[in-house]
Amino acid sequence: MTHIPLLHGHSKSQPKLLQELESHRNHRPPSASQATNCTTESPVVRYTLIVIALGFISLVLLLPLAAVFVQAFKRGVDVYLAALLDPDALQAIQLTLFTAAITVPLNALFGLAAAWCITKFSFRGKQWLITLMDLPFSISPVIAGFLFILIFGANGWFGEWLDDHNIRIVFALPGIVLATLFVTFPFVARELIPLMQTQGIQEEEAAATLGASGWRMFWRVTLPNIKWGLLYGIIICNARAMGEFGAVSVVSGHIRGETNTMPLHIEILYNEYQFSAAFAVSSLLVCVALLTIAAKHWLARKQE
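Values in this document were obtained by computation on a predicted structure and should not be read as measured data.

About the cut-offs
- Residues numbered from 1 in each chain as written.
- Predicted model: local features only at pLDDT ≥ 70, side-chain atom pairs only at ≥ 80, totals over all residues.
- Heavy atoms only, no water.
- Buried < 20%, exposed > 50% of the residue type's maximum accessible area, 1.4 Å probe, protein only.
- Helix = DSSP H or I, 4+ residues; strand = E, 2+ residues; numbered from the N terminus.
- Contact = heavy atoms within 4.5 Å.
- 1 Å grid on protein atoms, 1.4 Å probe; cavity = no way out; pocket = protein on both sides within 12 Å on 5 of 7 lines; lining within 4 Å.
- Points joined across faces, edges and corners; volume = space filled by probe spheres on them.
- Nonpolar A, V, L, I, M, F, W, Y, C, P; charged D, E, K, R; others polar.

So what about helix H14 (residues 262–271)? Which residues, and what values?
Counted residue by residue, H14 has 7 buried out of 10 residues, so it is predominantly covered. All of the buried residues along H14 are Met 262, Pro 263, Leu 264, His 265, Ile 266, Ile 268 and Leu 269. Just past H14, the residue Tyr 273 takes up positive phi, approximately 65°.

Take a look at the structure:
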């Protein structure tokens, strides 16, 4: 950095020095639109990479998604609607929606509490808490399902006590909810923690100095700043809850018409060679995925 001495004995050079200081103060980095292309690759290389990327996406993502809808409507709209209106399919759809309706709000509450605790307070064991929150990402969903079998199954730790009190956890709705909750609970928290860390605690401290209570700070200061990130996390969590297969497959027992969610019902239809019906139900989950992507894009623009 250039040092500019300001000496009282040099009145002739002061205007020039003032101009340099003003020029330095008004200097702004070039915007993205003004920035020049700094890559040295030729247009042929750039277009080749773009074609490869688009081809890979089309082969791995777009083509399979299109194949789902083609197979679902292959035998006509009547067969498609009949597959969706089948009593077992309706039960699977209802159970999937009901499970998501329970797990997503619980995950939202946990995510808010965990993010608030981690980003607003300093305490012993904070890093351990963050590490434990990532546990469902590293454990296979099938292993997670076996853990609940070990705890609540007939031969599990609490199996005898649950049987004596006529309480069913595994092979019933509570087990499906617990397994889905375990797999999906980090999503909302992991979306909020970086956002709240970036925002800092200055606004909350200012509100506290003005006499605002904790709840008032949350509703008036914190929640408006994180609302788009919270919705983003809820959307991702909902899509994961509706599409969960591994953990739910272990704890559900595959009881047809009772404990089958949509992914489990699709597996049964496919194993029974009812391909049109399987793809018809699959198309609903694909629609959920596409709506999730659209919602993510919209929320990303809102956050910007």
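Can you tell me about the side chain of Thr 261, naming the residues and giving the values?
Mapped onto the secondary structure, Thr 261 falls in the loop between helix H13 (246–252) and H14. Taking the relative accessible area as the measure of exposure, Thr 261 reaches 5% and is therefore buried. Those residues in contact with Thr 261, other than ones at most four positions away along the chain, are Ala 92, Leu 95, Thr 96, Ile 176, Glu 244 and Val 248.

An account of empty space enclosed by the protein is requested, with residue identities and associated values reported.
Scanning all chains against the criterion turns up 1 cavity of 30 Å³ or more. As a volume, the largest cavity reaches approximately 40 Å³. Around the largest cavity, the lining residues are Thr 96, Thr 99, Thr 180, Ala 241, Met 242, Glu 244, Val 248, Thr 261 and Pro 263. Mapped onto the lining of the largest cavity, the elements with two or more residues apiece are helix H4 (87–120) and helix H12 (214–243). Split by residue class, the lining of the largest cavity holds 4 nonpolar, 4 polar and 1 charged.

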